Amino acid sequence: MFSKVDLRSGYHQLRIKPGDIPETAFRTRYGHHEFAVIPFGITNAPASFMDLMNKVFRPYLDKFVVVFIDDILIYSKGKEEHAEQLWTILQTLREHPLYGKLKNCEFWLEEVIFLGHVVTKEGIKVDP
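Everything quoted here is computed from the prediction, not taken from an experiment.

Here we come to the side chain of K4. Relative to the helices and strands, K4 is located in strand β1 (residues 2-6). K4 sits in the buried class, given a relative accessible area of 15%. A polar atom in the side chain of K4 sits 2.7 Å from the backbone oxygen of I113. Not counting the four nearest positions on each side in its chain, K4 is found in contact with I72, N104, C105, E106, V112, I113 and F114.

Rendered as structure tokens:
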């Protein structure tokens, strides 16, 4: 059994430390602007976000969850186990104010496409 959660606005959910906000400053004809959250294009954005996700999901990684940046795959052997594990992951997201994009999430699947692969109970193959 599989479920897939895609986080909304990936890096924008990760706040920049207040002391580092001035480092993101830029100026346009409309004024001076600074980012309070990590924008796309910052060199360390993927590594910083992946570090956050690894810390948040550390107890569950490779037990019943796989995380790659803002994509989360929950996998289980049975429906009851999946219900518990899915609840755990959704609760973890709530505790660390991380938000999914509902239209990109899929739940209770026998087969899932994840990061260019088709994952089933029989194994993994490349998505044709």
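Its location among the elements puts C105 in the loop between α2 (79-95) and β6 (106-109). Looking at C105, the relative accessible area reads 14%, which means it is buried. Separated by 101 residues in the primary sequence, C105 and K4 have C-alpha atoms spaced 5.5 Å apart.

What follows is about the nonpolar core. In terms of nonpolar packing, the biggest core is built from 24 residues, with L7, M53, F57, I72, I74, I89 and L93 touching the most fellow members. Elements supplying a minimum of two residues to this core: α1 (45-57), β4 (65-68), β5 (71-75) and α2. With residues near it in sequence (within four places) discarded, L93 still touches V5, L7, F57, I72 and L98. Core analysis: the next-biggest nonpolar cluster, separate from the first, contains six residues, L73, L109, F114 and V119 among them.

On the secondary structure map, D71 appears in strand β5. Put simply, D71 is tucked away with no salt bridge, and the nearest opposite charge, on K4, sits 6.8 Å away. If we ignore the near neighbours within four places in the chain, the residues touching D71 are V5, D6, V66, F114 and L115.

Bringing the sheet that holds β4 into the picture now. The four strands lie next to each other as β4-β5-β1-β6, forming an open sheet whose pairing is antiparallel. The open sheet has two free edges, formed respectively by β4 and β6, since each of these has just one partner strand. With direction set aside, neighbouring strand axes in the sheet form an average angle of 10 degrees. Both β1 and β5 contribute to a ladder of five bridges, which runs antiparallel. By the bridge assignment for β5, S3 is matched with I74. Its contacts with the sheet put α1 on β4 and β5, and the angle it makes with β4 is roughly 165 degrees. Contacts from α2 reach β1, β4, β5 and β6 within the one sheet, and its direction differs from that of β5 by about 150 degrees.

Thresholds, definitions, all that
- Residues numbered from 1 in each chain as written.
- Predicted model: local features only at pLDDT ≥ 70, side-chain atom pairs only at ≥ 80, totals over all residues.
- Heavy atoms only, no water.
- Helix = DSSP H or I, 4+ residues; strand = E, 2+ residues; numbered from the N terminus.
- Buried < 20%, exposed > 50% of the residue type's maximum accessible area, 1.4 Å probe, protein only.
- Polar contact = N/O pair within 3.5 Å; in protein donor to acceptor, adjacent residues only side chain to side chain.
- Contact = heavy atoms within 4.5 Å.
- Core = buried A, V, L, I, M, F, W, Y, C linked by side-chain atoms within 4.5 Å.
- Lys, Arg positive; Asp, Glu negative; His and termini not counted.
- Salt bridge = Lys/Arg side-chain N within 4 Å of Asp/Glu carboxyl O.
- Pairing = 2+ DSSP bridges.
- Axes fitted to C-alpha atoms, helices over the stretch in contact; angles between N-to-C directions.

That is the geometry; function is a separate question.
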